[in-house]
Amino acid sequence: MAEYSRMAKGSYTVSGGTLGVSAPSAKIINLPFKPDYVELINVTQSITPAQHGIPFAFWDASVTPVTVSNVQYDTIVEVFNATPVLTTDSVRVGGGISTFSAGQMLQFGPTYKHNSVASADFSIALSGAGGPTTVTTATAHGLTSGDVIIFEGLFQTSTTGMPQLNGIPFTVTVLTSTTFTIPWDTSNATFYTAFNTSTSTGNIGAWKQVLYPYLYFPGTSFISGITLGTTTTIDTTDAHNFVVGQEVAFRIPSQWGTVELNSLPNTLSPGSPVYGYVIAVTDYNTVVVNINSSAYTAFNVNQTVASVPGLSYPQIVAVGDVNTGGVQISSGSPLYPSPYTSPIGTTRVSTINGPAIQGAFVNNTSQGFIIGNKASRTDTSSWVGGSNGDIMEWRAYLHDISIP
Amino acid sequence: MRQAEDLILRDYIVSAASQLNAGGGTNGFNPSNLGVSDFSLVATTLDTNNAYKFMSGIEGMDRFGTGPVRSAYFMLSSTELQSDFDTLVGSGFLSQWNYPTNASALPSEYGSVYNIRILTSSEAPVARNAAMNNQGVLNDVYYNTVLGKQAITHINQDGYSMNLIYRDPYYSGMLAQNATLAVKFAQAQAITQDTAIRNVLSTRLSNLGV
């Protein structure tokens, strides 16, 4: 029964990551099908056993993930212990081996819901002026800087809490295994109430990871701050993926203040949209736009909880029909680089696409599987993706028959 | 056969078009379920932005149970929201079968509210369990795309459109034959006028059927 089964294999050399210390970036393997079974062989770690090494890993789409402390695990790995002798371990759903397919940008990871089980509890403290806001989880959150999450609920009562953060994609910056920050200013206690503190009651909320936040870019980004001046500096909640020369437009609902940036209505030239150009990219979530906003209304991040039903968020949008994004070619750089995302800081992650004008709209979708960068459940210093220089072999299958 | 193109365009729009959260509904979520004021607000926004409407109005006729239909933008929505639209009958929603004539109605058209005619599809984008109310209840978030005529375009690259690839079944086993059926196309999407398109995010009022 192999008429329609699909099989593929390949190998690559791991780039990044240090054995027992850090993980390499997630590795995307593109295939002409979406596999239902994947196995990995780390040739290097198989031949040279060492503690934290993972020589073998398996993932089967038909196997129901096993839940441990409210976290689901589905990638089975074999890990060398200190002896070193092989032991079994696992990696959480989405953090080990996982598949992906085009057109599924709205996929989420497991939900961490306060008051479901103690291990899923989390709290959010009020930030200092200007943010960022720190989130503390009861158990290891498993996130990596650059991951994107959304919140849900975050009510303390019907009129207090932090529901203003709901539904906004936030890039996280990991501080520790149980703390991370999000780029938002919650310093004003008149508008924000710390979530799930020792004295608060009635908290309802959850967070979950957005698994594939940048399958299409540049697109719409939510704004977390605007610095007015002869040029305008925009901070976004997740990676904007803009480049210098990008034409952008703004959607600022009136309660957020800086409505003068809105592309329409244009009070000076009715019907003519107001656009700006990106003149500098500071980092993954900050750009400078060539609009003189010195006399504009200040941006207001403080929204009342009562205003949340129907609250729309300020956004910066890639206009797309005009952009002059180019790439400086220097010694050693490819002449025709593929478009890249910048998930955190100034890190650049190349897409699978061929050369294109930087800043032009990129359809970054594909199908295949991902070797994630999350640590194993028991040996939290081991990563399925291997370490720098390891030779990794993979085999992927899509079976005719799978029982069940 | 063109579903792949439709899905790519759908996801492109979800990613690239700006968003409004519905607030005219009563279910207590943000975004709320769609209320008639949401239709009015987004149509006003597109009107203010000088977007072109897709459809001319339908003049009223002397037929029982019908009413005139305004010139309208299109809203691409989920079939799962049809029962929500039914709750708006009498407060602004006009079912497609209540149009004076169905001559201009599309097969997927469910009805209209004010200046928006609603097309529904099971493939409309939805983020499952992406909203929570103050009781801890989860709800799905729907991306309802409202667009004017000049908002988006679909470009067939290299001067050709979709090719159908078909190879006759051939004998390859006792009980099976092997054939190939596929399509090949080179295309791209673009938002040609960003001011003429909005994704209106909403949750659902009604329970889903199974």
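Given the structure is predicted, the values throughout are model-derived calculations rather than measurements.

## Observations regarding the confidence of the model for chain B
Next, step 1: The predicted model of chain B averages 86 in pLDDT, with 88% of residues at 70 or higher.
Next, step 2: Per the prediction output, this complex has pTM 0.80; the corresponding ipTM is 0.82.

## Here we look at the interface of chain A and chain B
Next, step 1: Between chain A and chain B, the residue contacts involve 43 residues of the former and 44 residues of the latter.
Next, step 2: A buried area of about 3,100 Å², summed over both sides, lies between chain A and chain B, and 53% of it is on carbon and sulfur atoms.
Next, step 3: Here Asp194 of chain B ties to Arg251 of chain A by a salt bridge, and the two come within 2.6 Å at their closest N and O atoms.
Next, step 4: When residues of the side of chain A that touches chain B are traced back to their parent elements, those giving at least two are strand S9 (108–113), strand S12 (148–155), strand S16 (204–210), strand S17 (216–217), strand S18 (220–227), strand S20 (246–251) and strand S23 (315–323) of chain A.
Next, step 5: Classifying every residue of the side of chain A that touches chain B by side-chain character gives 23 nonpolar, 14 polar and 6 charged.

## With respect to the sheet that holds strand S14 (residues 173–176) of chain A
All names here are of chain A.
Next, step 1: Sheet architecture is open: 4 strands sit in the order S10-S11-S15-S14, paired in antiparallel fashion. The sheet is open, and its two borders are formed by strand S10 (122–124) and S14, each paired with just one other strand. Along the sheet, successive strands turn relative to each other by an average axial angle of 25°, direction set aside.
Next, step 2: Relative to strand S15 (residues 179–182), strand S11 (residues 133–137) runs antiparallel, the two sharing 4 bridges.

## Some points on helix H2 (residues 36–48) of chain B
Residues and elements named next belong to chain B.
Next, step 1: Taking 1.5 Å of rise per residue, 13 residues should cover 18 Å, and H2 covers 18 Å from first to last C-alpha, within 8% of that figure.
Next, step 2: All buried positions along H2 are accounted for by Asp38, Phe39, Val42, Ala43 and Leu46. Down the axis of H2, the smallest arc covering the buried residues is 125°, so these residues share one side.

## Digging into the pairing of strand S5 (residues 116–121) of chain B
Residue and element names in this part refer to chain B.
Next, step 1: The element S5 is extensively covered by neighbouring structure, given that 5 of its 6 residues are classed as buried.
Next, step 2: Sheet topology places strand S2 (residues 73–78) next to S5; 6 bridges connect them, and they run parallel. When the bridges of S5 are listed, Ser77 appears paired with Thr120.
Next, step 3: Note that strand S4 (residues 109–113) and S5 share 4 bridges and pair antiparallel. Of the residues in S5, the one forming a bridge with Val113 is Ile116.
Next, step 4: In sequence, S4 turns back onto S5 through a hairpin of 2 residues, with Tyr114 there showing a positive phi of about 50°.

## Looking at the nonpolar core
Next, step 1: Ile149, Phe151, Leu165 and Phe250 of chain A are the most contacted members of the largest nonpolar core, which totals 41 residues.
Next, step 2: Mapped onto this core, the elements with two or more residues apiece are strand S6 (71–80), S10, S12, S15, S18, S20, strand S22 (286–289) and S23 of chain A.
Next, step 3: The contact partners of Phe250 of chain A, leaving out residues within four places of it in the chain, are Ile223, Ile234, Leu261, Asn262, Ser263, Val289, Ile291, Gln315 and Ile316 of chain A.
Next, step 4: Among the nonpolar cores identified, the runner-up in size contains 35 residues, and Tyr12, Ile13, Ala17 and Phe93 of chain B belong to it.

## Overview of the packing of aromatic side chains
Residues and elements named next belong to chain A.
Next, step 1: Enumeration according to the criterion identifies 19 aromatic pairs over all chains in this entry.
Next, step 2: Ring geometry for Phe100 against Tyr212: centres 6.1 Å apart, planes inclined by 50°, an arrangement best described as tilted. Separated by 112 residues along the polypeptide, Phe100 in strand S8 (residues 97–100) and Tyr212 in the loop between S16 and S17 bring together distant segments of the chain. Exposure class is identical for Phe100 and Tyr212. Each is buried.
Next, step 3: With centroids separated by 5.8 Å and ring planes inclined at 80°, the aromatic side chains of Phe170 and Trp184 adopt a geometry described as edge-to-face. Taken together, the residues span a long stretch of sequence, with Phe170 in strand S13 (residues 170–171) and Trp184 in the loop between S15 and S16 at a distance of 14 residues.
Next, step 4: Overall, the relative accessible area of 1% leaves Trp184 in the buried class.
Next, step 5: An aromatic cluster is built from Phe122, Phe151, Phe170, Trp184, Phe195, Phe222, Trp256, Phe299 and Tyr313, whose rings are joined through pairwise contacts.
Next, step 6: The ring of Tyr12 has Lys27 lying over it, and the distance from NZ or CZ to the ring centre is 4.6 Å.
Next, step 7: Taking the ring centre of Tyr73 as reference, the NZ or CZ of Arg377 above it sits at 5.7 Å.

Rules of the game
Residues numbered from 1 in each chain as written. Chains lettered and ligands numbered in written order. Predicted model: local features only at pLDDT ≥ 70, side-chain atom pairs only at ≥ 80, totals over all residues. Heavy atoms only, no water. pLDDT = per-residue confidence, 0-100. Contact = heavy atoms within 4.5 Å. Buried area = accessible area lost by both parts, 1.4 Å probe. Salt bridge = Lys/Arg side-chain N within 4 Å of Asp/Glu carboxyl O. Helix = DSSP H or I, 4+ residues; strand = E, 2+ residues; numbered from the N terminus. Nonpolar A, V, L, I, M, F, W, Y, C, P; charged D, E, K, R; others polar. Pairing = 2+ DSSP bridges. Axes fitted to C-alpha atoms, helices over the stretch in contact; angles between N-to-C directions. Expected span 1.5 Å × (residues − 1). Buried < 20%, exposed > 50% of the residue type's maximum accessible area, 1.4 Å probe, protein only. Arc of directions from axis to C-beta. Core = buried A, V, L, I, M, F, W, Y, C linked by side-chain atoms within 4.5 Å. Phe/Tyr/Trp six-rings, centres within 6.5 Å; stacked < 30°, edge-to-face > 60°. Lys NZ or Arg CZ within 6 Å of the ring centre and 35° of its normal.

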